[in-house]
Amino acid sequence: MTQLTKFVIMDALKNDLSQRQFTKYTVTELLRSTRISRSTLYYHFDGGLDDALVFTFHHELLQPLKTQRLNWEMGTTFILNYLFAHQVLATNIYALTAGPQRLEGAREELCRAFWAGCREQYQQQQLRLLCAALLTEIQIWTTNHFAESPAAIQARLLTFEQNLATSH
């Protein structure tokens, strides 16, 4: 039941944050959508809403990278297409969780997720640079309201990757 409850919370969170843009989203709003008690939320997510957002990020983006062992090109294509298909959700999660410490943590999490599919292709430092470039592109893309296509961003990342490969 524990995992099921976590997924119910995540699904309600995704549904709410996909409806419209928020400048603020509260635990009370999430509880209203899930119809669970505050204690149930905190039982499953010690950090409340923040932990639920992180769980969603892990489940939707990082877990597929790890389990499918996607290489850099396939992984970035997956991430960019997911974000493009879920623009309102992505914008809300970025707005509600952005901050220097969060972005640094996200970069490290992204590197760990990519490592399974990229360890034969890159050294860890190269992968960290690629993940930093990907997160920078995502930040700019999100704040520009997804004005470019995922393919345009993928092309820039590919150029960066090729430049990185030739410089080492």
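Here the structure is shown first, and the text comes after it.
Below, the structure is looked at part by part.

On to the pattern of salt bridges, then. The tally for this structure, following the rule as stated, stands at six salt bridges. With a closest N to O distance of 3.2 Å, K14 and E60 form a salt bridge. Of this pair, K14 sits in helix 1 (residues 2-19) while E60 sits in helix 4 (residues 49-68), placing them 46 residues apart in sequence. What makes E60 buried here is its relative accessible area of 13%.

The biggest cluster of nonpolar side chains holds 47 residues, and the ones touching the most others in it are W72, I79, L83, L110, F114 and L134. In this structure L83 touches L61, A90, I138, W141 and F146, once residues within four positions along its chain are discounted.

Now for the packing of aromatic side chains. Two measures describe an aromatic ring pair: the distance that separates the ring centres and the angle between the ring planes. Counted according to the given criterion, the structure contains seven aromatic pairs. Taken together, a centroid distance of 4.7 Å and an interplanar angle of 45° make the contact between W72 and F114 tilted. Here W72, found in helix 5 (residues 72-85), pairs with F114, found in helix 7 (residues 100-118); they are 42 residues apart in sequence, far enough to count as distant. Exposure remark for W72: the relative accessible area of 1% places this residue in the buried category. Given a relative accessible area of 0%, F114 falls into the buried group. For the pair F78 and Y82, a centre-to-centre distance of 6.5 Å together with 40° between the ring planes defines the contact as tilted. With a gap of four residues between them, F78 and Y82 both fall in helix 5, about one helical turn apart. Given a relative accessible area of 25%, F78 falls into the partly exposed group. One aromatic cluster in this structure is built from F7, F45 and F55.

Each value, and the rule that gives it
Residues numbered from 1 in each chain as written. Predicted model: local features only at pLDDT ≥ 70, side-chain atom pairs only at ≥ 80, totals over all residues. Heavy atoms only, no water. Salt bridge = Lys/Arg side-chain N within 4 Å of Asp/Glu carboxyl O. Helix = DSSP H or I, 4+ residues; strand = E, 2+ residues; numbered from the N terminus. Buried < 20%, exposed > 50% of the residue type's maximum accessible area, 1.4 Å probe, protein only. Core = buried A, V, L, I, M, F, W, Y, C linked by side-chain atoms within 4.5 Å. Contact = heavy atoms within 4.5 Å. Phe/Tyr/Trp six-rings, centres within 6.5 Å; stacked < 30°, edge-to-face > 60°.

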